[in-house]
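Residue-level listing of the chains:
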Amino acid sequence: MSLFSVEGKTVVVTGGSRGIGRMIAAGFVDAGATVYISSRKAAEVEKTAAELGCVAVPADLSTPDGVSTLVEAVSAREERLDVLVNNAGATWGAPLEEYPEHAFDKLWGVNVKGVFYLTQRFLPLLRAAASAEDPARVINIGSVDGIRVPALETYAYSTTKAAVHMLTRQLAHRLAAESITVNAIAPGPFDSKMMAFALDDPGTRDAIASSVPLGRIGRPEDMAGTAIYLASRAGSYLTGAVIPVDGGITTHG
């Protein structure tokens, strides 16, 4: 078990009040880590934190003030940060002819700029945790839609998730010498607010599950397990990787 242990590590999970963020946060709490979760809606993130047994920090990470709020809250209580999970994100769907410019502006701010500037601001705490034997870890949540063309018309979403993957590689290259690894997880279909419009309908859910080579929707342990692997000693030699956790969707383009 020590190979995959994250016990005693300090972890920040953005967008941790629901969906994939909650799955990851719950996995780290159960594995003995000290976990901070952030989300824009204070009541929601505080409720989730109480349920999971972690610390809530309400913050809108699409804004500089929100980034500062989270960094300052964690810095006031911790001298080091072992794992930063950049999960907060947004999506937008509309037909090509109707796709609005402000969708690109919003999603670029949340999905890409938020990841970059939060990582930048947390560097002092990540550096304090980093060592050659046990690097500090940054885990960015991308998407299979940033790897292959999605079926839905989510132009800004798929574009920004592809940008997250490239940002992951560039940060990994830059920070490797400082013993900070940077990897991305590219989820397929999981139960989340972003997927609720499709997965809450039994017929659509069955159709999506049948399109996945492994024949099912992702489970919480699939996501938590991948994040814990990347944060543990087992994943300490991996950096700059984009790992599809998608039941095989990306095997057929």
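Please read all numbers here as calculations on a predicted model, not as lab measurements.

Colleague: Help me understand empty space enclosed by the protein, please; the structure alone is not making it clear to me.
Modeller: Vacant regions in the atomic arrangement are exposed by a probe of water-molecule size rolled over the atoms. Taken as a whole, this structure holds one cavity of 30 Å³ or more when the rule is applied. Roughly 60 Å³ of internal volume is contained in the largest cavity. Lining the largest cavity we find Thr 14, Leu 61, Asn 86, Asn 87, Ala 88, Val 110, Gly 114, Val 115 and Leu 118. The element contributing the most residues to the lining of the largest cavity is helix α4 (residues 101–129), with four residues. Tallied by class, residues from the lining of the largest cavity come to five nonpolar, four polar and no charged.

Colleague: Would you explain the packing of helix α3 (residues 64–75) against α4 in this entry?
Modeller: Where α3 contacts α4, the axes come no closer than 10 Å and their chain directions differ by 20°. In terms of axis orientation, α3 runs roughly parallel to α4. Crossing hand, α3 versus α4: right-handed. For the pair α3 and α4, contact is made by Val 67, Ser 68, Leu 70, Val 71, Glu 72, Val 74 and Ser 75 and by Tyr 117, Leu 118, Arg 121, Phe 122 and Leu 125, respectively. Partitioning the contact of α3 with α4 into residue classes produces eight nonpolar, two polar and two charged.

Colleague: Sorry, what's going on with the sheet that holds strand β3 (residues 55–58) here?
Modeller: Strand pairing in a sheet relies on backbone hydrogen bonds. The paired strands run either parallel or antiparallel. As summarised here, the arrangement of the seven strands in space is β3-β2-β1-β4-β5-β6-β7, forming an open sheet in which the pairing is parallel. The sheet terminates laterally at β3 and β7 (242–245), the two strands that pair on one side only. When strand polarity is set aside, the average angle formed by the axes of neighbouring strands in this sheet is 20°. As paired elements, strand β6 (residues 180–187) and β7 share four bridges and run parallel to each other. Opposite Pro 187, over in β7, you have Val 245 as the bridge partner. Along the sheet, helix α5 (residues 155–175) makes contact with β5 (136–141), β6 and β7, crossing β6 at roughly 160°.

Calculation criteria
Residues numbered from 1 in each chain as written. Predicted model: local features only at pLDDT ≥ 70, side-chain atom pairs only at ≥ 80, totals over all residues. Heavy atoms only, no water. 1 Å grid on protein atoms, 1.4 Å probe; cavity = no way out; pocket = protein on both sides within 12 Å on 5 of 7 lines; lining within 4 Å. Points joined across faces, edges and corners; volume = space filled by probe spheres on them. Helix = DSSP H or I, 4+ residues; strand = E, 2+ residues; numbered from the N terminus. Nonpolar A, V, L, I, M, F, W, Y, C, P; charged D, E, K, R; others polar. Axes fitted to C-alpha atoms, helices over the stretch in contact; angles between N-to-C directions. Parallel < 35°, antiparallel > 145°, perpendicular 65-115°, else oblique. Left-handed = near helix turned anticlockwise from the far one by under 90°. Contact = heavy atoms within 4.5 Å. Pairing = 2+ DSSP bridges.

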